[in-house]
Amino acid sequence: MLRTATAVLVLSLSAFAQSPEASSALERFAKLRPGNDDLAMYRLDWAESLAAAEKKAAAEKRPILLVVIHAKYGDMITGHC
Amino acid sequence: MTSWHGHRDDADIPPVVQEVWAAKFKPGSGQSSNVDACVLDAEGKLVRRWDAMAPRDGRGRGEDLRGDPLPRHWRENLKEARAALGLGEPGKPREVSLPELPEGLRSGIRVFTRLDDRGMPAYKAPVVELVPMGDEDWALLARPAKSAALDASALLPWLSKMYPGGVMERTDPDTKFAYRVTGAKGTLSLDPAGEKDGSAFALLHGRVTLTDSGGGDFAYSGELRVVVEYRDRKVTGLKGVFEGPYPRQGPKGSGGFEFDLTGVFESVMR
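Small disclaimer: the values here were computed from a predicted structure and weren't measured.

Conventions and cut-offs
Residues numbered from 1 in each chain as written. Chains lettered and ligands numbered in written order. Predicted model: local features only at pLDDT ≥ 70, side-chain atom pairs only at ≥ 80, totals over all residues. Heavy atoms only, no water. Helix = DSSP H or I, 4+ residues; strand = E, 2+ residues; numbered from the N terminus. Buried < 20%, exposed > 50% of the residue type's maximum accessible area, 1.4 Å probe, protein only. Contact = heavy atoms within 4.5 Å. Areas by Shrake-Rupley, 256 points an atom, 1.4 Å probe, with all protein chains shown as cover. Expected span 1.5 Å × (residues − 1). Domains from an automatic or database assignment. Buried area = accessible area lost by both parts, 1.4 Å probe. Salt bridge = Lys/Arg side-chain N within 4 Å of Asp/Glu carboxyl O. Polar contact = N/O pair within 3.5 Å; in protein donor to acceptor, adjacent residues only side chain to side chain. Nonpolar A, V, L, I, M, F, W, Y, C, P; charged D, E, K, R; others polar. Pairing = 2+ DSSP bridges.

So, about the overall build of chain A. When its secondary structure is counted, chain A shows three helices and one strand. Ordered by position in the sequence, the α and β elements of chain A form the string α-α-α-β. Taken over 81 residues, chain A has a buried fraction of 38%. Considering only residue pairs separated by 6 or more positions, chain A has 21% of its internal contacts joining residues 24 or more positions apart. Looking at chain A as shown, the accessible area adds up to about 4,400 Å², and 60% of this sits on carbon and sulfur atoms.

In structure tokens:
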């Protein structure tokens, strides 16, 4: 639904942009912009650290899903590792 | 949901991670990946732990043998954890919540990056970051009366997010943090692209070459195409893409691959 709404919005903008090159860029944007299905990781309620998650869990009486990575590098908050 | 990373010889391992690793590295516990998932209760007590990767034989323990082994492996373990916590069936999924502007800031550019790494499909999942933009940043994209040249380095704050989710081979061997993109080279063109109903448009386009803090001759390039919208000469929106090949290497510099790196940019205005 949201993906459709985005596509409609972008197509209307592409109609506004007079240059064919700009229209082509907007069409490419509409094709490549991730939809909700691609962004499932962003449905999760992320906490920036284990300490922050523990504090929130205690306050809201909710469990924590913790991913432990045995590596020196890794940053799941930004997604780059 | 959160994550923690480190090594067994670290000095400050949280107690719950010590508990997870005590089970993981117990003699005779068999092969496992370097990633574990676990569920803690609201007091932080470990309820359930599992290897984040699916068992090698791909067979689930439960009755539901449909679907891929990895999601099934996670579904089964989450189900067990829910039962241990006395929780009922899962509710409706949360809405997607993308990174938003920090309090007090009025605008930014949201950047989505994705690497089509055929060997590591997880990197196809988009990484989303939001770069705050001030008036001086938007001024660089001021509405052009005629075609204007713009140095890509001026756009480094948001172009610097154009790197893949997983870049183990581009990691500082001392700090273990991924190298940052620190250079953007190329002469871009900002061209008028028409007007309609009180809005004007410009197209920013050209080839950009990015380099990182790791130095050497590492660089990668792509084509940038961004449409900027104006009202009353003020930028009111931006949408665009970056597309180019990203070079990857195997362990210790072996091999050499190129995968499609895709970036999508959209303005966020309050």
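In a regular helix each residue adds 1.5 Å, so 13 residues correspond to 18 Å; helix 2 (residues 20-32) of chain A covers 18 Å between its end C-alpha atoms and thus fits that length. Among all positions of helix 2 of chain A, only Ala22, Ser23, Ala25, Leu26, Phe29 and Leu32 of chain A are buried.

Split by domain assignment, chain B resolves into domain 1 (15-85) and domain 2 (107-269). The straight-line distance from the C-alpha centre of domain 1 of chain B to that of domain 2 of chain B is 37 Å.

The next point concerns the interface of chain B and chain A. Counting residues at the interface gives 69 residues for chain B and 51 residues for chain A. Together, the buried faces of chain B and chain A total about 5,700 Å²; carbon and sulfur atoms form 65% of this surface. When the buried surface of chain B facing chain A is broken down by residue, Met1, Thr2 and Lys239 of chain B rank first, second and third, together holding 15% of it. Inspection of the chain B/chain A interface yields three salt bridges. There are 21 residue pairs in polar contact (both at pLDDT 80 or more) connecting chain B and chain A. The element best represented in the side of chain B that touches chain A is strand 2 (residues 35-40) of chain B, accounting for six residues. In the side of chain B that touches chain A, the residues fall into 37 nonpolar, 14 polar and 18 charged. Relative to strand 2 of chain B, strand 1 (residues 64-70) of chain A runs antiparallel, the two being bridged by six bridges. Following the sheet pairing, valine 68 of chain A is matched in strand 2 of chain B by aspartate 36 of chain B.

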